[in-house]
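Summary of structural features
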Amino acid sequence: MSNRLEALRVFCAAADAANFRDAAIRLSVSPQVVTRAVRELEDELGEPLFHRSTRGVQLTDFGRTLAEQARGAVGGVDALFHRSDRRALSQHAGTVRLSVPNVLGRRFIPHALAPVLEAHPGLVLDLRLSEQMADAVGQHIDVGVRVGRQPDSRFVARSVDRMALKVVAAPALVARTGVPGNLDELQRMPLTALVDSNSGRLWSWAFSRKRQMPVATPAFVTDDTDAECSAVLAGIGFGQLVAPLADPWLASGHLVSVLDADAPEPWPVHVWRAQRTPVPARVRVVYDALVRMLASGTTPLR
């Protein structure tokens, strides 16, 4: 038997059995195969592995030491090639890197995926917050969420919901300026502006019938959606915020909405993963969980 690994596997079975016949039965081979494997190992190592007698076989001291070392070696190699074990490991261990917009990543994603982490010990989430479409290859992104235009054919994408945009302000500011009746009046109000991290320019505000309103003279500029929301809450200016940011403050009365009839069509929300095969089970379980969560309506996007 020229295969050393297989010879060690046979030897371990013989070391754990009462005799070579029992080892052969356990391995589903003939007793001659066991005898030959042990003899070849003894010849190669130059040491007897068993004391043989009419009553059976017993390990020598050298054989006992070798058996302890061989069990670990053989077990480690078998674990690498055991298919069911490998699939279980891929589900329960390893890192999945996500790229999601700030507004979802800070509020909803960790809470929503907590049950997935609990169900799959060893799964690690590496969450990256960005408003940009991630370089999935360069940044090693596995799963992402995109608001707006659907990702291109390099990605597997599911449209899961739509995210509304609302023009809001603090009641104290509205009391000072009055309620704008149209876009021209709104543009004369103090406004907040968000920097487009892709271009470095200010985002225009979107309205119904595909109208765009540039923010020409903002009272407050930031590249962070939470900071913009804080500025609106502080009464610095009117802001156009996505529903997940605005809705809790509208419900509590800390903000009021204006020009609701001019609201644009809600933006589509997509969950995507890189177009790679095969898909590791840990990536698929996170992707499927995000699709279920965002498609269920439990996340306030509207």
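Since the model is a prediction, treat every value here as computed from it, not as a measurement. (Residues numbered from 1 in each chain as written. Predicted model: local features only at pLDDT ≥ 70, side-chain atom pairs only at ≥ 80, totals over all residues. Heavy atoms only, no water.)

**With respect to the nonpolar core**
Across soluble globular proteins, nonpolar side chains have a tendency to be buried as a group. Counting 35 residues, the largest nonpolar core has Leu98, Ile109, Leu113, Val143, Val145, Val271 and Leu290 as the members making the most contacts within it. Here this core gets eight residues from one element, more than from any other, and that element is helix α12 (residues 281-295). When residues no more than four places from it in sequence are discounted, the contact partners of leucine 98 are Ile109, Leu113, Leu125, Asp126, Leu127, Arg128, Val143, Val286 and Leu290. Ranked by size, the runner-up nonpolar core spans 24 residues in total, among them Ala13, Phe20, Val57 and Val74. (Core = buried A, V, L, I, M, F, W, Y, C linked by side-chain atoms within 4.5 Å. Buried < 20%, exposed > 50% of the residue type's maximum accessible area, 1.4 Å probe, protein only. Helix = DSSP H or I, 4+ residues; strand = E, 2+ residues; numbered from the N terminus. Contact = heavy atoms within 4.5 Å.)

**Side note on the packing of aromatic side chains**
In this structure the tally under the stated criterion is two aromatic pairs. Between the aromatic rings of phenylalanine 11 and phenylalanine 50, the centroid separation amounts to 5.8 Å while the plane-to-plane angle is 70°, which identifies the pairing as edge-to-face. Highlighted residues: phenylalanine 11 in helix α1 (residues 4-16) and phenylalanine 50 in strand β1 (residues 50-53), separated in sequence by 39 residues. Through a chain of ring-to-ring contacts, the aromatic side chains of Phe11, Phe20 and Phe50 assemble into a single cluster. (Phe/Tyr/Trp six-rings, centres within 6.5 Å; stacked < 30°, edge-to-face > 60°.)

**Let's talk about the sheet that holds strand β14 (residues 267-274)**
Strand pairing in a sheet is mediated by backbone hydrogen bonds. Such pairs are either parallel or antiparallel. The strand order across the open sheet formed by five strands is β4-β3-β5-β14-β6, and the pairing between neighbours is mixed. Edge positions in the open sheet fall to β4 (123-129) and β6 (155-163), since each of these has one partner strand only. Each neighbouring strand pair of the sheet contributes to a mean axis angle of 20°, computed without reference to strand direction. Relative to strand β5 (residues 143-147), strand β3 (residues 94-100) runs parallel, the two being bridged by two bridges. For serine 99, the partnering residue across the bridge sits in β5 and is glycine 144. (Pairing = 2+ DSSP bridges. Axes fitted to C-alpha atoms, helices over the stretch in contact; angles between N-to-C directions.)

**Section: the pattern of salt bridges**
According to the stated counting rule, one finds 11 salt bridges in the structure shown. The residue arginine 97 makes a salt bridge to aspartate 126 at a minimum N-O spacing of 3.1 Å. With arginine 97 in strand β3 and aspartate 126 in strand β4, this residue pair connects regions lying 29 residues apart in the sequence. Aspartate 126 sits in the buried class, given a relative accessible area of 17%. Residue aspartate 262 pairs with arginine 211 through a salt bridge whose shortest N-O separation is 2.9 Å. Remark: arginine 211 occurs in strand β10 (residues 211-213) and aspartate 262 occurs in the loop between β13 (256-258) and β14; sequence separation between them is 51 residues. The buried category is assigned to aspartate 262, whose relative accessible area is 16%. (Salt bridge = Lys/Arg side-chain N within 4 Å of Asp/Glu carboxyl O.)

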